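Fold and contact review
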Amino acid sequence: MTLSLQPAHEHPIPALADLMTRSFEGYFVPVNITEAAMHTMLRHDGIDLTASRVLMKDDQPIGLALIARRGWTSRLAAMGLTSNARNGGVGTWAMEQLIEEAKSRGEKEMVLEVIEQNTAGVKLYEKVGFKKIRRLVGYKLENPQSDAAHNLEEIDIRDLARQVTYHGMKDLPWQLSGATIMQYTPPARAYRLNDAYCLISNPDAADVAIHSVLVKARSRGAGLSGVLMRALFAKFPGKVWHVSPIYPEEMGFIFEHVGMERETISQWQMSRAL
Ligand SMILES: CC(C)(COP(=O)(O)OP(=O)(O)OC[C@H]1O[C@@H](n2cnc3c(N)ncnc32)[C@H](O)[C@@H]1OP(=O)(O)O)[C@@H](O)C(=O)NCCC(=O)NCCS
């Protein structure tokens, strides 16, 4: 048996989508990647297929590692093995190769997020030198009642992304960073109320995700984010609101203040110096 890594760009996108689906079989949340979903993920998250790798056992693909890159930092955007290839040291071997490759590209840091309840994943990343930065949490709220009528201004998503880059925490998780927010397009929508900003997924759907919440530094501590979220609940009534578990735990109180309930799945934001 010989293990090897092949550049992901040498494989067609539908084959990568299928391999990703198989590599996350039995995962904590259902993963079913279509060709279109794969393209969206590549664009949103800045994934570089020339640096991403298909894991091969002899001539069979047995796993996938997607690597996103921005400046000196890369992110392990996805890492999975087909179920028969797990728990035999392949994950450890692959991570060691990926870290060496990142070093040889001249990068200084590799980051990732892993579901806290995923024992194998957390063990693997700690074993190859990743350190926990913080816990990331998510929330949900069904059909909130709110009559908080406010004059919400709809703004270009690019303007929100600029504000996040300028006012947001410097080590925000990749998916909350201004650079990722910049990639969102309609039907997602961005709103502003004074110094508070929010990005939501298509509000015509029954389920709406809150992709970003920001209050400018000078206006923090006055509950403005809650005023904005309640105004959104009133503007789009009868929805199920979701916050995926990518928000720093220290920000969680803003969702609790508007009555949202914490999801059971949480993640570790991790980093490894190279
Ligand atoms: C997570 C994953 C990539 C790990 O790869 P792997 O080849 O199974 O991991 P390894 O065999 O190299 O083992 C790494 C460590 O985890 C432990 N481990 C592996 N499977 C485990 C399990 N099911 N439960 C508990 N520990 C486990 C191993 O014992 C080893 O620790 P040790 O060196 O202290 O003994 C693989 O299990 C997988 O593809 N899972 C599904 C997708 C996924 O969860 N991806 C990570 C999302 S970020």
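None of these values were measured; they are calculated from a predicted model.

Each helix and strand in the protein was counted, giving 8 helices and 13 strands. A sequence separation of at least 24 residues applies to 69% of the contacts in the protein between residues at least 6 apart.

This brings us to the domain arrangement of the protein. Domain annotation of the protein identifies domain 1 (3-107) and domain 2 (138-267). Here the C-alpha centre of domain 2 lies 30 Å away from the C-alpha centre of domain 1. Each partner contributes to the interface: domain 1 provides 8 residues, whereas domain 2 provides 5 residues. Among the elements of the structure, helix H2 (35-45) and strand E3 (60-70) are those that each provide at least two residues to the side of domain 1 that touches domain 2.

It is worth spelling out helix H1 (residues 13-23) at this point. Taken as a whole, H1 has its buried residues at Leu-16, Ala-17, Leu-19, Met-20 and Ser-23. Looking straight down H1, one finds that the buried residues subtend no more than 165° of arc, so they occupy a single side. Residues of H1 that are buried sit in contact with H2, strand E2 (53-57), E3 and strand E4 (73-81).

This part covers the site of the ligand. Contacts to the ligand come from 21 residues, most closely from Gly-80, Arg-86, Gly-91, Thr-92 and Ala-120. If you list the elements that add at least two residues to the shell around the ligand, you get E4, helix H3 (90-104) and helix H4 (119-127). Sort the elements by how many residues they give to the shell around the ligand and H4 lands first, with 6 residues. The class makeup of the residues in the shell around the ligand is 8 nonpolar, 10 polar and 3 charged.

Its place among the elements puts Ala-37 in helix H2. According to the C-beta neighbour criterion, Ala-37 is partly exposed, with 14 such atoms within 10 Å. Linking Ala-37 and Ala-17, residues 20 residues apart in sequence, is a C-alpha distance of 8.2 Å.

So, about the environment of Ala-148. Tracing the sequence through the fold places Ala-148 in the loop between strand E6 (131-142) and strand E7 (153-155). As for Ala-148 and Ala-231, which are separated by 83 residues in sequence, their C-alpha atoms are 5.1 Å apart. Setting aside residues no more than four positions away along its own chain, Ala-148 makes contact with Val-227, Arg-230, Ala-231 and Ala-234.

This brings us to unusual backbone geometry. At the junction of Pro-186 and Pro-187, the peptide bond is cis and its omega measures out at 15° in the coordinates. Of note, Pro-187 is situated in the loop between helix H6 (178-181) and strand E8 (189-193). Within the chain, Asp-58 stands out as a residue other than glycine whose phi angle is a positive 50°. Residue placement: Asp-58 occurs in the loop between E2 and E3. Exposure remark for Asp-58: the 9 C-beta atoms within 10 Å place this residue in the exposed category. The residue Asn-87 is not glycine, and still its phi comes out positive at about 60°. Considering the arrangement of structural elements, one finds Asn-87 in the loop between E4 and H3.

Conventions and cut-offs
Residues numbered from 1 in each chain as written. Predicted model: local features only at pLDDT ≥ 70, side-chain atom pairs only at ≥ 80, totals over all residues. Helix = DSSP H or I, 4+ residues; strand = E, 2+ residues; numbered from the N terminus. Contact = placed C-beta atoms within 7 Å. Domains from an automatic or database assignment. Buried ≥ 20, exposed ≤ 12 C-beta atoms within 10 Å, placed from the backbone. Arc of directions from axis to C-beta. Near = placed C-beta within 6 Å. Nonpolar A, V, L, I, M, F, W, Y, C, P; charged D, E, K, R; others polar.

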